[in-house]
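An overview of the molecular structure
Listed below, chain by chain, are the residues.
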Amino acid sequence: MGSFLDGKGANTNLMKPTDTSDPDYFHKVVDCQWACPAHTPVPNYIRLIAQGRYSDAYMVNRASNVFPGILGRVCDRPCEPACRRTRVEEDPVAICRLKRVAADHRDDISDRLPKKPAQTNGKKIALIGAGPASFTVANDLAPLGYECVIFEKLDKPGGLMRSNIPAFRLPESVLMEELGYILDMGVELRLGTPVESMSALLKEGFDAVFVGTGAPKGKDLGLPGRDESNDNIHIGIDWLESVAFDHIEEIGEKVLIIGVGNTAMDCCRTSLRMGAKSVKVMARKPRAFFKASAWELEDAEEENVDILVNHSPKAFVHKDGKLTGMLFEKMEYDLDAAGKITDQRVVGEEIIPCDDVILAIGQEN
């Protein structure tokens, strides 16, 4: 009931009609869909999976996210903490894994994907970097008639999806299949072709340039002993790339990972697969401040990775030019009722022996 008649016979509105002119309204009323950066309609594709309609569920995903098979394995799952099931149960619906179910059990969907039009519109677009950003732009523009050319300095496509996500989490076959759907739209891929001059690129007749180079530069840690121990100190994303392209095949028996983000989790688990016997992840703050997802931490600990909290790096320890360990300050923190740090202090020092250190403390472009 939206209205009633007052004593004078006038129509008095109690509630205005819902304003649905903003499309965000339909996202916000579904918590998991609103939490998803792509606003993928989660309940829709889960219903389709329940009906065994895996191909339809995959296509619902792909409308807002062009890599369902990839994200079904590696997504950070912001939808799951928002899931309404946590109001009545401890755990949310396994939304991310259901996305993978749809991808792994679908039929051939090639005939359901957009196609390059018979006549292009005459516009040429250069896309720098063969990672998820450029491929997504090409996916949207190629069916509209734009001629898209992707430039990549490496000899394989995928960007950080290939170089920074270990193959045990994201198999190459899954990556190449979903990239292939976009290349099949008539997108040209030029591998081993770094772009060193934007002005020179524009002279090739491109009407626009999209820069999709991401944040491929890992941050370093300029502590005492850094230069003397250089050979055994690695930048996380560079090290993962070297593993992905078979440039290195082993690492020392005792490895320290500095940082507790998702890249650090990939580094520690990859170290085990490269032959490390003891892997420790060193965290400067308590666990509540970790950036890594809870499931990433659980996977690492299930593989016997040690996670040490309240250890702040102070120096690299070396002998005769060889890394032998790291010196850490042991920290204590005071927290307020909201869990925020109000004070901190150093309560001691500790040297932890190691053969190699991998720095996973952030990235920049």
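The preceding data block contains the structure.
Residues numbered from 1 in each chain as written. Predicted model: local features only at pLDDT ≥ 70, side-chain atom pairs only at ≥ 80, totals over all residues. Heavy atoms only, no water.

Focus: the environment of Ile128
Topologically, Ile128 is positioned in strand β3 (residues 124-128). Judged by its relative accessible area of 10%, Ile128 falls in the buried class. (Helix = DSSP H or I, 4+ residues; strand = E, 2+ residues; numbered from the N terminus. Buried < 20%, exposed > 50% of the residue type's maximum accessible area, 1.4 Å probe, protein only.)

What about the pattern of salt bridges?
Under the counting rule described, the total for this entry stands at 23 salt bridges. Ionic pairing is found between Asp266 and Arg169, a salt bridge with its closest N-O pair at 2.7 Å. Of this pair, Asp266 sits in helix α12 (residues 262-273) while Arg169 is found in the loop between α8 (160-163) and α9 (172-183), placing the two residues 97 residues apart along the sequence. Assigned by exposure class, Asp266 and Arg169 land together as buried. Measuring nitrogen to oxygen at the nearest pair gives 3.9 Å for the salt bridge that ties Asp299 to Arg269. One end of the pair, Asp299, is in helix α13 (residues 294-302); the other, Arg269, is in helix α12, with 30 residues separating them in the sequence. Here the salt bridges share partners, and the residues they tie into one network are Arg269, Arg273, Asp299 and Glu303. (Salt bridge = Lys/Arg side-chain N within 4 Å of Asp/Glu carboxyl O.)

Considerations on the environment of Cys267
Topologically, Cys267 is positioned in helix α12. With 11 residues separating them along the chain, Cys267 and Leu256 place their C-alpha atoms 9.8 Å apart. Not counting residues up to four positions away in its chain, the partners in contact with Cys267 are Gly236, Trp239, Leu240, Ile257 and Ile358. (Contact = heavy atoms within 4.5 Å.)

Observations concerning the packing of aromatic side chains
Counted according to the given criterion, the structure contains one aromatic pair. Pairing Phe151 with Phe206 gives two aromatic rings, centres 5.8 Å apart and planes at 75°, and the pair type is edge-to-face. Separated by 55 residues along the polypeptide, Phe151 in strand β4 (residues 147-151) and Phe206 in the loop between α10 (198-202) and β6 (208-211) bring together distant segments of the chain. Using a relative accessible area of 4% as the deciding quantity, one classes Phe151 as buried. Between the NZ or CZ atom of Arg273 and the centre of the ring of Phe168, over which it lies, the distance is 3.7 Å. (Phe/Tyr/Trp six-rings, centres within 6.5 Å; stacked < 30°, edge-to-face > 60°. Lys NZ or Arg CZ within 6 Å of the ring centre and 35° of its normal.)

Notes on the sheet that holds strand β5 (residues 188-190)
Taken together, four strands build an open sheet; the order of strands is β5-β4-β3-β6 and the sheet is parallel. Of all the strands in the sheet, the pair left with one neighbour each is β5 and β6. On average, each strand axis in the sheet is tilted by 20° relative to the strand beside it, whichever way the strands run. Bridging between β4 and β5 involves three bridges; their strand directions are parallel. (Pairing = 2+ DSSP bridges. Axes fitted to C-alpha atoms, helices over the stretch in contact; angles between N-to-C directions.)

Some thoughts on a nonpolar patch on the surface
Where nonpolar side chains cluster on the molecular surface, the patch consists of Tyr25, Phe26 and Val29 and spans about 260 Å² of accessible area. Position of Val29 among the secondary structure elements: in the loop between α1 (24-28) and α2 (31-35). (Patch = residues over 30% accessible without salt bridge, like charges linked within 9 Å, V, L, I, M, F, W, Y side chains within 5 Å. Areas by Shrake-Rupley, 256 points an atom, 1.4 Å probe, with all protein chains shown as cover.)

Regarding the layout of surface pockets
What the second largest pocket holds in volume is close to 610 Å³. Residue lining of the second largest pocket: 29 residues in total, with Gly259, Val260, Lys291, Ala360 and Ile361 positioned closest to the centre. Of all elements in the fold, only α11 (236-244), α12 and β12 (311-319) reach the threshold of two or more residues within the lining of the second largest pocket. Of the residues contributing to the lining of the second largest pocket, the split by class is 15 nonpolar, 10 polar and four charged. (1 Å grid on protein atoms, 1.4 Å probe; cavity = no way out; pocket = protein on both sides within 12 Å on 5 of 7 lines; lining within 4 Å. Points joined across faces, edges and corners; volume = space filled by probe spheres on them. Nonpolar A, V, L, I, M, F, W, Y, C, P; charged D, E, K, R; others polar.)

What about empty space enclosed by the protein?
In this structure the tally under the stated criterion is one cavity of 30 Å³ or more. Volume-wise, the largest cavity comes out at about 30 Å³. Around the largest cavity, the lining residues are Glu152, Leu154, Lys156, Pro157, Gly159, Arg162, Ser163 and Phe245.

Let's talk about the nonpolar core
Most often, soluble globular proteins have nonpolar side chains that are buried together. Counting 24 residues, the largest nonpolar core has Trp239, Ile257, Met265, Cys268 and Val281 as the members making the most contacts within it. Elements that contribute at least two residues to this core include exactly α11, β9 (254-258), α12, β10 (278-282) and α13. Discounting residues that sit within four places of it in the chain, Val281 has contacts with Ile257, Gly259, Val260, Met265, Cys268, Val305, Asp306, Ile307 and Leu308. Counting residues in hydrophobic clusters, the runner-up holds 21 residues, among them Val74, Ala142, Ile150 and Leu175. (Core = buried A, V, L, I, M, F, W, Y, C linked by side-chain atoms within 4.5 Å.)

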